[in-house]
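Single-letter residue listing:
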Amino acid sequence: MESRRLVLLLALPLLAAVASGCASRRQTVAEDTSRPPVIEPDVERRDIEPPRIDSENFEVGIFAGQMSVEDFGVNTVAGARFAYHITEGLFLEVAGGRTDTEPTSFERLSGAAQLLTDEEREYSYYNLSLGYNVLPGEGFIGRRRAWNTALYLIGGVGKTKFAGDDRFTLNLGVGARLMPLDWLAVHADFRDHVFDIDLLGREKRTHNLEAHVGVTFFF
Amino acid sequence: MRSVLVAIALLAALCSTVAAGAERRHREVVIEDPFIELHTGPGRGYPVFYVAERGEQVALLKRRTDWFKVRIPRGQEGWVHRAQLATTLTPDGAPFELPGFSLDDYAERRWEAGVLYGDFGGANAISAYGAFALTPNLSFELWVEQVLGRFSDSTLANLNIVHTLYPDRRWSPYFTLGGGSIHTEPKATLVATDDRTDPLAHAGAGVRVYLTRRFVFRAEYKTYVVFTSRDDNEEIREWKAGVSFFF
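Reading guide: rules and limits
Residues numbered from 1 in each chain as written. Chains lettered and ligands numbered in written order. Predicted model: local features only at pLDDT ≥ 70, side-chain atom pairs only at ≥ 80, totals over all residues. Helix = DSSP H or I, 4+ residues; strand = E, 2+ residues; numbered from the N terminus. Buried ≥ 20, exposed ≤ 12 C-beta atoms within 10 Å, placed from the backbone. Contact = placed C-beta atoms within 7 Å. Pairing = 2+ DSSP bridges. Axes fitted to C-alpha atoms, helices over the stretch in contact; angles between N-to-C directions. Domains from an automatic or database assignment. Nonpolar A, V, L, I, M, F, W, Y, C, P; charged D, E, K, R; others polar. pLDDT = per-residue confidence, 0-100.

Observations regarding the overall build of chain A
And then number 1: Scanning chain A from N- to C-terminus turns up 2 helices and 9 strands.
And then number 2: From first element to last, N terminus to C terminus, chain A shows the α and β order α-β-β-β-β-α-β-β-β-β-β.
And then number 3: A burial count over chain A gives 26% of its 219 residues as buried.
And then number 4: Considering only contacts within chain A whose residues lie at least 6 apart along the sequence, 54% involve residues at least 24 apart.

Brief notes about the overall build of chain B
And then number 1: A count of helical and extended segments in chain B gives 3 helices and 14 strands.
And then number 2: By the burial criterion, 29% of the 247 residues in chain B qualify as buried.

Looking at unusual backbone geometry
Negative phi characterises most residues that are not glycine, and trans characterises most peptide bonds.
All names here are of chain A.
And then number 1: Positive phi is not limited to glycine here, since Leu135 has a value of about 50°.
And then number 2: Along the chain, Leu135 turns up in strand β5 (residues 123-141).
And then number 3: Even without glycine at this site, Ala163 takes up a positive phi of about 55°.
And then number 4: Considering the arrangement of structural elements, one finds Ala163 in the loop between β6 (145-162) and β7 (165-181).
And then number 5: Judged by C-beta crowding, with 22 C-beta atoms within 10 Å, Ala163 ranks as buried.

Side note on the environment of B:Ala203
Residues and elements named next belong to chain B.
And then number 1: Among the structural elements, Ala203 can be located in strand β12 (residues 196-212).
And then number 2: Taking the C-beta count within 10 Å as the criterion, Ala203 has 14 such neighbours and is therefore assigned partly exposed.
And then number 3: Excluding residues within four positions of it along the chain, Ala203 makes contact with Leu177, Lys222 and Thr223.

With respect to the sheet that holds strand β11 (residues 171-186) of chain B
Residue and element names in this part refer to chain B.
And then number 1: Strands sit in the order β7-β8-β9-β10-β11-β12-β13-β14 around a closed barrel of 8 strands; the barrel is antiparallel. Shown here is a sheet whose adjacent strand axes are inclined to one another by a mean of 25°, direction ignored.
And then number 2: Across 12 bridges, strand β13 (residues 215-226) lies against strand β14 (residues 234-246) in antiparallel orientation. Looking at the pairing, Val225 lines up with Glu235 of β14.

Things to note about the domain arrangement of chain B
And then number 1: Along its sequence, chain B is organised into domain 1 (25-99) and domain 2 (105-246).
And then number 2: A separation of 42 Å is found between the C-alpha centroids of domain 1 of chain B and domain 2 of chain B.

Points about the sheet that holds strand β9 (residues 204-218) of chain A
Residues and elements named next belong to chain A.
And then number 1: Taken together, the 8 strands give a closed barrel; going around it, the order is β2-β3-β4-β5-β6-β7-β8-β9, and neighbouring strands pair in antiparallel fashion. Averaged over all neighbouring strand pairs, the angle between strand axes comes to 25°, with direction disregarded.
And then number 2: Where strand β2 (residues 58-68) and β9 come together, 10 bridges link them in antiparallel fashion. When the sheet's bridge partners are listed, Ala64 is paired in β9 with Val213.

Things to note about the interface of chain A and chain B
And then number 1: Each partner contributes residues to the interface: chain A has 28 residues there, and chain B has 32 residues.
And then number 2: Listing elements by their share of the side of chain A that touches chain B, those giving two or more residues are β1 (54-55), β5, β6 and β7 of chain A.
And then number 3: Ranked by residue count, the leading element in the side of chain A that touches chain B is β5(A), at 5 residues.
And then number 4: Tallied by class, the residues present in the side of chain A that touches chain B amount to 10 nonpolar, 8 polar and 10 charged.
And then number 5: In the sheet, β1(A) pairs with strand β4 (residues 57-64) of chain B via 2 bridges, with the strands oriented parallel. Of the residues in β4(B), the one forming a bridge with A:Ser55 is B:Arg63.

Looking at the confidence of the model for chain A
And then number 1: Per-residue pLDDT for chain A has a mean of 83; in total, 84% of the residues score no lower than 70.
And then number 2: Of all helices and strands in chain A, the one with the weakest mean pLDDT is helix α1 (residues 2-34) of chain A (56), whereas β2(A) scores best (95).

Some thoughts on the pairing of β6(A)
Residue and element names in this part refer to chain A.
And then number 1: Two strands pair when backbone bridges link them, and β5 and β6 are joined in this way by 16 bridges, in the antiparallel orientation. Residue Leu130 lies in a different strand from β6, and its bridge partner there is Gly155.
And then number 2: If you look at the hairpin formed by β5 and β6, you'll find 3 residues sitting between the two strands, and Gly142 has a positive phi there, around 75°.
And then number 3: Note that β6 and β7 share 15 bridges and pair antiparallel. What sits directly across from Phe162, in β7, is Asp165.
And then number 4: Hairpin connection from β6 to β7: 2 residues lie between these consecutive antiparallel strands, with Ala163 at a positive phi of about 55°.

Below you can see the structure in the form of structure tokens.
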């Protein structure tokens, strides 16, 4: 009985001490929040600009080949093309080229007769065409290398400047695009340029065939 | 000797900046679809050569039409269709919105350009235009047009104002009013007549149809009055159709 009272007597101040300690700690915590913090946190929210995704829908390049101008011989043609890829299938192309023409057989045989001046003999064209990629796939060059390829059908309208006049011209053709790299393409193109001309007496429809190879860059 | 050293140092510096430039950051996304298919090229016809699973983080390198070139952590690079990336997440778990143009952007367009082909009083007409929108309804357009006919060729330049009735809908009619000038050159094989330049005015109506991405179909009918130096003014009817893009 005695010992239990002793324990109680000893425990009471201990309890009191613990309680007062807790109270004082609570008080200091309360004081801390009321006082301004010693170190001001300097964390500002940053606006992160995510990197842009580069889009490559435009294609630009040059070409060279041979062009046959009806009655006026076959000559070297050179030009440039610019394309915008609308979907994986469809693309819009603007192209322009120029070539020289030769005297007709009639001019050569008759000797003196000249149908055109030197300036009029120059043949230049521009056209606006819509193309569609068919047969996309891979072409294998050797055993280890595969290039993406596509065949495209293309047709459109344009203007031909030849023999002193501008002529409305339809063009129709087919081309092959080989892509050694994502941004580099090699083209082989066959195109028929159709227009009416009345230079040799009566108006007739001429088909002028062009075959060229070219290189283009996507950007 | 010193100049050679300086040149080499400069070249080295240039090379290092080029290398730093080449090491650009790319947008990273986490795959949310069960898997995505990597094609060898940007089109449905190119074979699938690899499949990346849900949870993998891929870098979006570039885009061509609706195809994205991605690089997966193991280093393979291939082309993925937009549809398979539509549900991807950003690395911190937020849904990732693929950049692109939609009908909403179409309604808020400022700049527009296009090419149209049609018939100008029986002759073939090829035209191009650029437009600037002052308000969603009202825009200014500058046209250049080449008319190639049987007896003469003409070049037109026009400035017109266009009122679009429903700029935020997929289909919308519009009305146009404007003026400009026409330069006509008779064909060289005809009996010599002089080139002439006359002012002209026009009114017209048309329809614009939003197709996809930046791509709009447009068809219109216009009536031109050419104020010739002869006794009578010339009236010409024109219709044309084509495609345009907006920025």
